[in-house]
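# Working through the structure, step by step
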Amino acid sequence: MQIQDRDDRWLTDVNPISFRTWDVIFHEMRITWSYAKAIIEMLKWNLYFVWEETIKVSFDEQREVFDMWWNSMVVEYKDKQNRDNDIELLKKHFKSKGKFAEELENGRQIPEFDWYFDYDNRYYIVIDWLNRLTDEINPEKWIYKWVIVNPSKYFAVQNQVSDTGGEVEDILWWDKQNS
């Protein structure tokens, strides 16, 4: 995909592009350039163009979550491989149900992957949570406000459950004891 220095798309055009602004390249960007610039300013803690109550939450040893406005979250990774693996899993498992994300059997949701970028030796994805949120934040179950933000762990455990026929709670207990 060619890297563009201008974004002349209409607001309703969500075809993904690669876009360069300042020294950052945004990949698979489906939104407009002004939002991308606002995200970079947010990372510098200039919250003028994003929700002033944006918070950064340390989620686990590899991820931090910027809880923003509307339906967006930015997940910051320390490791590029973890980020890229999560992108692959989100793309593979996300399903929509109309304008919303299809809920899993436990009411949780897999967020929609929007785009990714690298900045200041960190790796980022922007996700769209689409459904209503709850207050549940539980790194041991890999969820932030009912949204799965560690799909690598979540789907690894789901595969263990399927392969062994075991219960999720037993595998979670075993995983916690051995981590």
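The structure reproduced in this document is the subject of the present report. If you're wondering where the values come from, they're calculated on a predicted model, not measured in any experiment.

### So, the environment of His93
As for its placement among the helices and strands, His93 is situated in helix α2 (residues 80-93). As for His93 and Ile110, which are separated by 17 residues in sequence, their C-alpha atoms are 7.2 Å apart. Ignoring sequence-local partners within four residues, the contact set of His93 consists of Ile110 and Phe155.

### Thoughts on the pairing of strand β6 (residues 72-77)
The buried count for β6 comes to 6 of 6 residues, which makes it a mostly enclosed element. The alternating pattern of β6 places Ser72, Val74 and Glu76 and Met73, Val75 and Tyr77 on opposite faces, both of which are buried. Both strand β5 (residues 63-67) and β6 contribute to a ladder of 5 bridges, which runs antiparallel. Residue Val65 lies in a different strand from β6, and its bridge partner there is Val75.

### Quick word on α2
With 14 residues, α2 extends 20 Å from end C-alpha to end C-alpha; this agrees with the ideal 20 Å at 1.5 Å per step. Within α2, the full set of buried residues consists of Arg83, Asp86, Ile87, Leu89 and Leu90. The N-capping residue of α2, defined by a side-chain oxygen 3.1 Å from the backbone nitrogen of Gln81, is Asp79.

### As for the pattern of salt bridges
Under the criterion given, the structure shown has 14 salt bridges. Between Glu76 and Lys56 there is a salt bridge; the shortest N-O distance is 3.4 Å. Of this pair, Glu76 sits in strand β6 while Lys56 sits in strand β4 (residues 55-58), placing them 20 residues apart in sequence. Put simply, Asp67 and Lys145 hold a salt bridge, and the shortest N to O gap is 2.8 Å. Of this pair, Asp67 sits in strand β5 while Lys145 sits in the loop between β12 (143-144) and β13 (147-148); the two residues are 78 residues apart in sequence, bridging distant segments of the chain. Linked by salt bridges that have partners in common, Lys56, Glu64, Glu76 and Arg122 make up one network.

### Things to note about the packing of aromatic side chains
All told, the structure shown has 7 aromatic pairs when counted by the stated rule. Considering the side-chain rings of Phe26 and Trp115, the 5.2 Å spacing of their centres and the 70 degrees angle between planes classify their relative orientation as edge-to-face. Taken together, the positions of Phe26 in strand β3 (residues 24-29) and Trp115 in strand β9 (residues 112-119) put the pair 89 residues apart, joining distant regions of the chain. Taken individually, Phe26 and Trp115 each receive the classification buried, so the pair is uniform in this respect. An aromatic cluster is built from Phe26, Trp115, Phe117 and Tyr124, whose rings are joined through pairwise contacts. We note Lys37 situated over the ring of Trp22; from NZ or CZ to the ring centre the distance is 5.4 Å. Here the guanidinium or amino end of Lys44 rests over the ring plane of Trp22, the centre of that ring lying 5.4 Å away.

Definitions and cut-offs
- Residues numbered from 1 in each chain as written.
- Predicted model: local features only at pLDDT ≥ 70, side-chain atom pairs only at ≥ 80, totals over all residues.
- Heavy atoms only, no water.
- Helix = DSSP H or I, 4+ residues; strand = E, 2+ residues; numbered from the N terminus.
- Contact = heavy atoms within 4.5 Å.
- Buried < 20%, exposed > 50% of the residue type's maximum accessible area, 1.4 Å probe, protein only.
- Pairing = 2+ DSSP bridges.
- Expected span 1.5 Å × (residues − 1).
- Polar contact = N/O pair within 3.5 Å; in protein donor to acceptor, adjacent residues only side chain to side chain.
- Salt bridge = Lys/Arg side-chain N within 4 Å of Asp/Glu carboxyl O.
- Phe/Tyr/Trp six-rings, centres within 6.5 Å; stacked < 30°, edge-to-face > 60°.
- Lys NZ or Arg CZ within 6 Å of the ring centre and 35° of its normal.

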